[in-house]
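The chain contents come next:
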Amino acid sequence: MSGAMALQWAGLAALGLLLIAMFVTVIRLVRGPNLGDRILALDMISLLAAAFIAGIAVVTGFSLYIDIAIALALVSFLSTVALARYLLARASRRSRTEEAP
Amino acid sequence: MAEFAQYLAAFLVLVGAGFSLIAAIGVLRLPDLYTRLHAASKAGVIGAGLVFLAVAVVSLDGAVVLRSLLGIVFLLLSTPVSAHLLARAAFRSGEEPTKATTVDDLK
């Protein structure tokens, strides 16, 4: 088997594995008992999507896709920080209303 | 040389996808949020980073290698920060650790 063919098959298998991983994480997103679990699952899904786009760059040979993967990783970091800040703000607001009366 | 780089990239992309799958299974099966954060932030970032490294190996182009290494460094910097923020927010909002936790120094 030549190197290019091995790379093709390995890339396709890796894309399949990443797709299965995404489905498994979606189960946690649906089931997750609290908001924190759902934020974690969303973060994981966007990380897997960035890895998937990098895998497409490996399979097709268009290395331009790596820029898209980096941009997606940046945006997913920002969204996770924003959602965690929201969780923190909600927790502090709830504790203040419990103390106030 | 290019042949060897292709075999190496095939190995890296498979190992990276395997790590991502293990991280996803950990996110599904571990008992509470704090243990799930371990799977998502450590194994997940290694999986995505290895796939990025495979792009760097297969391209053999200076600009692409630099960009994907930059992507890996960014992932290694950003993921612990977001995991720590999320754990802190969950602890402040009263998320209970699993029963198997024996030491909780923050209580």
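No experiment lies behind these values; they were computed from the predicted model shown. (Residues numbered from 1 in each chain as written. Chains lettered and ligands numbered in written order. Predicted model: local features only at pLDDT ≥ 70, side-chain atom pairs only at ≥ 80, totals over all residues.)

Engineer: Any chance you could explain the overall build of chain B here in plain terms?
Structural biologist: Per the secondary structure count, chain B includes 3 helices and 0 strands. Scanning chain B from its N terminus toward the C terminus, one meets helices and strands in the order α-α-α. Taken over C-alpha atoms, the radius of gyration comes to 17 Å for chain B, far larger than the 13 Å a tight globule of 107 residues would show. When its C-alpha atoms are laid out on the principal axes, chain B stretches across 55 × 25 × 15 Å. Relative to its full complement of 107 residues, chain B shows a buried share of 45%. Long-range pairs, those at least 24 residues apart, make up 65% of the contacts in chain B between residues at least 6 apart in sequence. (Helix = DSSP H or I, 4+ residues; strand = E, 2+ residues; numbered from the N terminus. Rg over C-alpha atoms; globule rule 2.2 N^0.38 Å. Buried ≥ 20, exposed ≤ 12 C-beta atoms within 10 Å, placed from the backbone. Contact = placed C-beta atoms within 7 Å.)

Engineer: Is there a simple way to explain the overall build of chain A in this structure?
Structural biologist: Counting its secondary structure elements, chain A contains 3 helices and 0 strands. The linear arrangement of helices and strands in chain A, starting from the amino end, is α-α-α. In terms of overall dimensions, chain A is more spread out than a globule: its C-alpha atoms have a radius of gyration of 19 Å, far above the 13 Å expected for 101 residues. Going through the 101 residues of chain A one by one, you find that 38% of them count as buried. Looking at chain A alone, contacts between residues at least 24 apart form 50% of all its contacts between residues at least 6 apart.

Engineer: Help me out: how do you make sense of the confidence of the model for chain B in this one?
Structural biologist: Looking at chain B as a whole, the pLDDT averages 89, with 100% of positions reaching at least 70. The ipTM value of the predicted complex is 0.90, and its pTM value is 0.90. (pLDDT = per-residue confidence, 0-100.)

Engineer: Help me understand unusual backbone geometry in this model?
Structural biologist: Generally, phi is negative for residues other than glycine and the peptide bonds are trans, each holding for most cases. For Leu60(B), which is not glycine, the phi dihedral falls at a positive 55 degrees. When you line up the elements, Leu60(B) lands in the loop between helix H2 (33-59) and helix H3 (62-92).

Engineer: Could you clarify how one ought to interpret the interface of chain A and chain B in this entry?
Structural biologist: Many structure descriptions define interface size as the accessible area lost when the parts assemble. With 47 residues of chain A at the contact, the number on the chain B side is 45 residues. Elements represented by at least two residues in the side of chain A that touches chain B include exactly helix H1 (3-31), helix H2 (35-60) and helix H3 (65-99) of chain A. Among the elements that line the side of chain A that touches chain B, the one with the most residues is H1(A), at 16 residues. Residues belonging to the side of chain A that touches chain B are distributed by class as follows: 33 nonpolar, 9 polar and 5 charged. (Nonpolar A, V, L, I, M, F, W, Y, C, P; charged D, E, K, R; others polar.)

Engineer: I keep staring at the environment of Arg36(B) and nothing clicks. Help me out?
Structural biologist: The residue Arg36(B) is located in helix H2 in this model. Its 23 C-beta neighbours within 10 Å are what place Arg36(B) among the buried residues. Sequence separation of Arg36(B) and Val13(B) is 23 residues, and the distance between their C-alpha atoms is 24 Å. Beyond its immediate chain neighbours, meaning those up to four positions away, Arg36(B) contacts Asp37(A), Leu40(A), Gly26(B), Val27(B) and Leu30(B).

Engineer: Looking at this model, I keep getting lost on H1(A). Mind explaining?
Structural biologist: Along an α-helix, a turn takes 3.6 residues, which lines up residues three or four apart on a common side. Taking 1.5 Å per residue, 29 residues should reach 42 Å; H1(A) reaches 42 Å between its end C-alpha atoms and fits that length. In this fold, the buried residues of H1(A) make contact with H2 of chain A together with helix H1 (2-29) and H2 of chain B. (Expected span 1.5 Å × (residues − 1).)

Engineer: Could you clarify how one ought to interpret the nonpolar core in this entry?
Structural biologist: Looking at soluble globular proteins, one finds that nonpolar side chains tend to be buried together. Core analysis: the largest hydrophobic core is formed by 61 residues, its most contacted members being Ala54(A), Val13(B) and Ala54(B). For this core, the secondary structure elements donating two or more residues are H1, H2 and H3 of chain A together with H1, H2 and H3 of chain B. Among the elements that take part in this core, H2(B) stands out by supplying 16 residues, more than any other. If we ignore the near neighbours within four places in the chain, the residues touching Ala54(A) are Tyr65(A), Ile66(A), Ala69(A), Val51(B), Phe52(B) and Val55(B). (Core = buried A, V, L, I, M, F, W, Y, C linked by C-beta atoms within 7 Å.)

Engineer: Can you help me understand the packing of H2(B) against H3(B) in this one?
Structural biologist: The angle between the axes and the distance between the axes are what describe a pair of packed helices. Residue and element names in this part refer to chain B. Running from amino to carboxyl end, H2 crosses H3 at an angle of 175 degrees, the nearest separation of the two axes being 9 Å. Comparing the axis directions of H2 and H3 gives the class roughly antiparallel. Looking at side-chain class alone, the contact of H2 with H3 contains 20 nonpolar, 6 polar and no charged residues. (Axes fitted to C-alpha atoms, helices over the stretch in contact; angles between N-to-C directions. Parallel < 35°, antiparallel > 145°, perpendicular 65-115°, else oblique.)

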